[in-house]
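Chain by chain, the residues:
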Amino acid sequence: MASPRLESMCCINTTEHGHKHHMGAYNVTCIVSASLSILGAIYLLLPRKVPDNPRRRTTLGYERQIKIINWLTLADLLACIGILVRSSSWLAMYKQFQGIPSHRTGHRSYRIFCAVAGAWIQYFYITTYFWTLSFAIDIFLLMRNRASMMWLYHVLSWLVSPVMCLDGLLTLYFPSLTSCEHRLINLLPHYLSTLLPIIMVMIVNPILYIYSARRVSPLLTQMSGKYTDQERLIAKQVKEKFAMIHIVFILCWLPNVVNAFIILCRHMKTGDTDENDLSDGIKTLDIAMGILNPLQAFLNAWIYRGWARCSEIKLFSGRGRNWTGTINERRPSVRAIPVPGTNRRKGSMPIGRDDDELSEHSPLLH
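Read on for a plain summary of the structure. (Residues numbered from 1 in each chain as written. Predicted model: local features only at pLDDT ≥ 70, side-chain atom pairs only at ≥ 80, totals over all residues. Heavy atoms only, no water.)

Considering unusual backbone geometry
- Even without glycine at this site, Asn145 takes up a positive phi of about 60°.
- Along the chain, the position of Asn145 falls in the loop between helix H4 (105-143) and helix H5 (150-173).
- Taking relative accessible area as the criterion, Asn145 reaches 0% and is therefore assigned buried. (Helix = DSSP H or I, 4+ residues; strand = E, 2+ residues; numbered from the N terminus. Buried < 20%, exposed > 50% of the residue type's maximum accessible area, 1.4 Å probe, protein only.)

Details of a nonpolar patch on the surface
- Nonpolar side chains collect at one region of the surface, where Val28, Val32, Leu36, Leu39 and Leu91 lie side by side and expose about 420 Å² of accessible area between them.
- The biggest single contributor to the nonpolar patch is helix H2 (residues 17-45), with four residues.
- Topologically, Val28 is positioned in helix H2.
- For Val28, a relative accessible area of 44% gives the class partly exposed. (Patch = residues over 30% accessible without salt bridge, like charges linked within 9 Å, V, L, I, M, F, W, Y side chains within 5 Å. Areas by Shrake-Rupley, 256 points an atom, 1.4 Å probe, with all protein chains shown as cover. Salt bridge = Lys/Arg side-chain N within 4 Å of Asp/Glu carboxyl O.)

Side note on the packing of H5 against helix H6 (residues 184-224)
- For the pair H5 and H6, interaxial distance at closest approach is 7 Å and the crossing angle is 155°. One way to sum up the angle between H5 and H6 is to call them roughly antiparallel. In the packing of H5 onto H6, the handedness of the crossing is left-handed. Two secondary-structure elements touch here, H5 through Met164, Asp167, Gly168, Leu169, Thr171 and Leu172 and H6 through Asn186, Leu187, Pro189, His190, Ser193 and Pro197.
- Taken together, the residues of the contact of H5 with H6 sort by class into six nonpolar, five polar and one charged. (Axes fitted to C-alpha atoms, helices over the stretch in contact; angles between N-to-C directions. Parallel < 35°, antiparallel > 145°, perpendicular 65-115°, else oblique. Left-handed = near helix turned anticlockwise from the far one by under 90°. Contact = heavy atoms within 4.5 Å. Nonpolar A, V, L, I, M, F, W, Y, C, P; charged D, E, K, R; others polar.)

Regarding the packing of aromatic side chains
- Under the definition given, this model contains ten aromatic pairs.
- Through a chain of ring-to-ring contacts, the aromatic side chains of Tyr125, Tyr129, Phe249 and Trp253 assemble into a single cluster.
- One cation-aromatic arrangement involves Arg86 over Trp90; the distance from NZ or CZ to the ring centre is 4.7 Å.
- Sitting over the ring of Tyr211, Arg214 keeps its end group 5.4 Å from the ring centre. (Phe/Tyr/Trp six-rings, centres within 6.5 Å; stacked < 30°, edge-to-face > 60°. Lys NZ or Arg CZ within 6 Å of the ring centre and 35° of its normal.)

Some words on the pattern of salt bridges
- Enumeration over the complete set of coordinates arrives at three salt bridges.
- Here Arg232 and Asp229 are joined by a salt bridge, their closest N and O atoms 3.2 Å apart. Here Arg232 and its partner Asp229 are both found in helix H7 (residues 229-270), three residues apart, which amounts to about one turn of the helix.
- You can call Arg232 partly exposed: its relative accessible area is 43%.
- The exposure class assigned to Asp229 is exposed, which follows from its relative accessible area of 61%.
- A salt bridge links Lys236 to Glu240; the nearest nitrogen and oxygen atoms lie 4.0 Å apart. Note that Lys236 and Glu240 are positioned in helix H7 at a spacing of four residues, about one turn of the helix.
- With relative accessibility at 41%, the residue Glu240 sits in the partly exposed group.

A closer look at helix H9 (residues 296-304)
- The element H9 is largely enclosed, with a buried count of seven among its nine residues.
- Two residues or fewer past H9, Gly306 is found with a positive phi of approximately 85°.

Right under this line is the structure:
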C-alpha cells in the first residue's frame, strides 16, 4: 500500500517460487480489501437528503465536517482504485514475465507500470493522512468556537503530499527511473516521506482529540444551562467517536511503521540490502498491510456514518419520508443543543447563525 517496502517490491525478482507464492497471496488480499473499501467509499460519497428544516442544516460543524470527510473519502477511493488496478495487473503479469531477464523491454515496462502505480497509491494515501489530521484540527477549532481553515487543509493535502511523494520516489529510483537503489541513503528518504505523516497523525491527533473532548461537557452545560443524562449521552457519543476514529487509523497503519522499523534496522545493523531475502515476519506484515491499509475507507464508512443510516441516502429513501423524522424515530434520546455560536463573546467567531445546534445529524454523533 503506502508502505515504501511495497514500492521496492517492483525491484524484487518475482520469478523465484517463494516470492511468486507470497506476492500471489498478498495481491489477492489487496483485491478483496480494496473492493470492500471502494464500496464503503461510495457509500460515504452518495448524496444525502437535505434536512427539511433549515435549522437542521446548521448543526454543530455539520457542513465543515462533511466537507472534510468527503475529501478524505475521495482520496481513499482513488487510492483503492489504484490498489485494485495494480494488484490485478500484478497477478496477470507474473505468469507473463516468468523467466524473462530484467534487461528485456517487457520486464522494464512492468517495472515502470509498477512504479507509476506505486506513486499513485502513495500520493493519495499521504493525502488521506493529512485529511485525517485536518479533521482533528477542525474539531479542535470547532470546540473553541473558531472558524474552519479549509484553505490550509487543501494546501496540506493536495500540495504538500505530492512534494513528499515525489521526494521519496525520486530518491528510490535515482539515478535510473527503471531500477531501484537499495542503499540506505536512497531508502531512508523514501521511508520517511511516508512514515512521517503517519507518525505525526498518531501523535498529534490524540492530543487534539483529548483537548477537544474536555470541552464537550462544559459547552453542553454552558449552552443548555444544565447537565442531565441527555447531555451526558451526547458527551459520551462525541468522546467515543474521537477514540474510534484514532483507533481505526492506528489499526490500519501501525503495521507499516513496524515494517519500516524492522527493515531500516536490518539495513543499519547488518547492511543487508537484499530485498529478495524476506523473513517470515516481513511476509506476515506484508499481508497485514495488504488487508488493513485498503480497509481504511471501509472502516471510515462505519465510523463516520454508520451502516444503519441508509435511510438518509436519496437512492434508498422512500418518497415523502421526512428526513428529520427518520433520524428522530431511531434516536429519540438525542435532542438539539445550542452550540457556542449562540453565545457571542468578545473576540470569538460564530460557527454559523444564531440557531446553530449540536444534534444527532452531526457526524460526531453518528
